[in-house]
Amino acid sequence: TRGTVTAFSPFDARADAEALRKAMKGMGTDEETVLKILTSRNNAQRQEIASAFKTLFGRDLVDDLKKELTGKFETLMVSLMRPAYVFDAHALKHAIKGAGTNEKVLTEILASRTPAEVQQIKQVYLQEYEANLEDKITGETSGHFQRMLVVLLQANRDPDAGVDEGLVEQDAQVLFRAGELKWGTDEEKFITILGTRSVSHLRRVFDKYMTISGFQIEETIDRETSGDLEKLLLAVVKCIRSVPAYFAETLYYSMKGAGTDDDTLIRVMVSRSEIDLLDIRREFRKNFAKSLYQMIQKDTSGDYRKALLLLCGGDDE
């Protein structure tokens, strides 16, 4: 794993549960203790702490966190307590519930997760909410955007097993004819190829496409499509090229300019903290001439900032 959060050792779930209860009992809350414990244990250990907490005190740890903490800090701590697939399923549920759909969340999660992860998310969604994720998403989306999401939800991307140069050439030509060479765009060709071919195959297709057309595939998508479909196709292409680079860019834009998109900041920091946050940090430093740590420091405050910086796990000067 290239995460910043790993299993804490020596680990004692009961001692942690007792420390958390003490931190939240009575008047005022000792936020420092809460954030230090929850950011330095991995998710499996946090689940053990929650279980010990219930055993020792007959109380639900997440309910207590919600009662004792507020604002973005509360959101971050509660997010850390959700198991990975539950976290993604919960984010997707909230993206499609109520008035208006949050296409950004659908795009980010479904473009970046591996087929195996998507299968797990669908299963957990069914268990948690007794509903079919695909049905829910198709009910709230439409057109080519919906079709691309459905393709990604099938989680049937070809496995990486050697690259057939003939097929690479063929796919690059098909994309060229479906976009640049056509009056109007044949979106279905883009959806099928970008949604089903293996990662190593598509990387070669992107190189070949550049040779044939003189354009990066991103430039063509930008010109030939628009709206939510464009954003989704671009996210898929970026994740095929490099998932850490995609998330580095997502984090950068969540904090750039006036105001911070805290939902995105929290979602990415929590969901990648045990997977590839070290790689994301490296890409961030390389592409944005400042470190992720420095940007979080500048853009956030209080206990929320402290907890995010601990999750970040260090500064890349």
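About the thresholds
- Residues numbered from 1 in each chain as written.
- Predicted model: local features only at pLDDT ≥ 70, side-chain atom pairs only at ≥ 80, totals over all residues.
- Heavy atoms only, no water.
- Helix = DSSP H or I, 4+ residues; strand = E, 2+ residues; numbered from the N terminus.
- Rg over C-alpha atoms; globule rule 2.2 N^0.38 Å.
- Buried < 20%, exposed > 50% of the residue type's maximum accessible area, 1.4 Å probe, protein only.
- Contact = heavy atoms within 4.5 Å.
- Areas by Shrake-Rupley, 256 points an atom, 1.4 Å probe, with all protein chains shown as cover.
- Lys, Arg positive; Asp, Glu negative; His and termini not counted.
- Charge placed at Lys NZ, Arg CZ, Asp CG, Glu CD.
- Expected span 1.5 Å × (residues − 1).
- Phe/Tyr/Trp six-rings, centres within 6.5 Å; stacked < 30°, edge-to-face > 60°.
- Lys NZ or Arg CZ within 6 Å of the ring centre and 35° of its normal.
- Axes fitted to C-alpha atoms, helices over the stretch in contact; angles between N-to-C directions.
- Parallel < 35°, antiparallel > 145°, perpendicular 65-115°, else oblique.
- Left-handed = near helix turned anticlockwise from the far one by under 90°.
- Nonpolar A, V, L, I, M, F, W, Y, C, P; charged D, E, K, R; others polar.
- Domains from an automatic or database assignment.

So, about the overall build of the protein chain. The secondary structure content of the protein chain amounts to 20 helices and zero strands. In terms of overall dimensions, the protein chain is globule-like: its C-alpha atoms have a radius of gyration of 21 Å, near the 20 Å expected for 317 residues. Its C-alpha atoms give the protein chain principal-axis dimensions of about 70 × 45 × 40 Å. Looking at the 317 residues of the protein chain, the share that counts as buried comes to 48%. Taking the contacts inside the protein chain whose residues are at least 6 apart along the sequence as the reference set, 71% of them involve residues at least 24 apart. Summed over its atoms, the accessible surface of the protein chain is roughly 14,800 Å², and 48% of this surface lies on carbon and sulfur atoms. Positive and negative side-chain charges of the protein chain, numbering 44 and 51 respectively, have mean locations separated by a distance of 3 Å.

On to helix α3 (residues 43–57), then. The terminal C-alpha atoms of α3 lie 21 Å apart, and with 15 residues this matches the ideal 21 Å at 1.5 Å per residue to within 8%. The complete set of buried residues in α3 reads N43, Q45, R46, I49, A52 and F53. Considering only its buried residues, α3 is in contact with α1 (13–24), α2 (31–40), α4 (61–68), α5 (71–80) and α6 (84–95). Within two residues after α3, G58 carries a phi angle of roughly 65°, on the positive side.

Under the counting rule described, the total for this entry stands at eight aromatic pairs. For the pair F53 and F57, a centre-to-centre distance of 5.3 Å together with 65° between the ring planes defines the contact as edge-to-face. Linking F53 with F57, this pair stays in helix α3, spanning four residues, or about one helical turn. For F53, a relative accessible area of 0% puts it in the buried group. When the centroid spacing of 5.1 Å and the interplanar angle of 80° are considered together, the rings of Y252 and Y253 count as edge-to-face. Taking relative accessible area as the criterion, Y253 reaches 52% and is therefore assigned exposed. Aromatic rings pair up to connect Y252, Y253, F284 and F288 into one cluster. If you follow R41 out to its NZ or CZ, it ends over the ring of F8, 3.7 Å from the centre. When the ring centre of F215 is taken as reference, the NZ or CZ atom of R223 above it lies at 4.2 Å.

Attention now goes to the packing of helix α11 (residues 165–178) against helix α13 (residues 199–213). At a closest axis distance of 8 Å, the pairing of α11 and α13 adopts a crossing angle of 55°. Looking at the two axes, α11 sits oblique to α13. Relative to α13, the crossing made by α11 is right-handed. Contact residues: α11 offers E165, L167, V168, E169, D171, A172, Q173, L175 and F176, while α13 offers H201, R204, V205, K208, Y209, I212 and S213. In the contact of α11 with α13, the residues fall into eight nonpolar, three polar and five charged.

Moving on, we come to the packing of α5 against helix α20 (residues 302–312). At a minimum axis distance of 8 Å, the contact between α5 and α20 shows a crossing angle of 35°. Between α5 and α20 lies a crossing of left-handed hand. The residues of α20 that touch α5, namely those facing K72, F73, L76, M77 and L80, are D303, Y304, A307, L308 and L311. In terms of residue class, the contact of α5 with α20 is built from eight nonpolar, no polar and two charged.

It is worth spelling out unusual backbone geometry at this point. For residues that are not glycine, phi is negative in most cases, and the peptide bond is trans in most cases. The step from S9 to P10 runs through a cis peptide bond, and the omega angle for that step is -5°. The topology assignment puts P10 in the segment before α1. In this model, A155 sits at a positive phi of 55°, which is unusual for a non-glycine residue. Its place among the elements puts A155 in the loop between α10 (143–154) and α11. Non-glycine residue A289 carries a positive phi angle of around 55°. Examined against the element boundaries, A289 turns out to sit in the loop between α18 (277–288) and α19 (292–299).

Here we come to the domain arrangement of the protein chain. Partitioning the protein chain into structural domains gives domain 1 (13–81), domain 2 (95–154), domain 3 (165–241) and domain 4 (243–312). Put simply, the middle of domain 3 and the middle of domain 4, counted by C-alpha atoms, are 29 Å apart.

One can find L69 in the loop between α4 and α5. Residue L69 is classed as buried on the basis of its relative accessible area of 2%. It is 31 Å that separates the C-alpha atoms of L69 and Y246, two residues lying 177 residues apart in sequence. Contact partners of L69, with chain neighbours within four places excluded, come to T29, E31, V34, E74 and M77.

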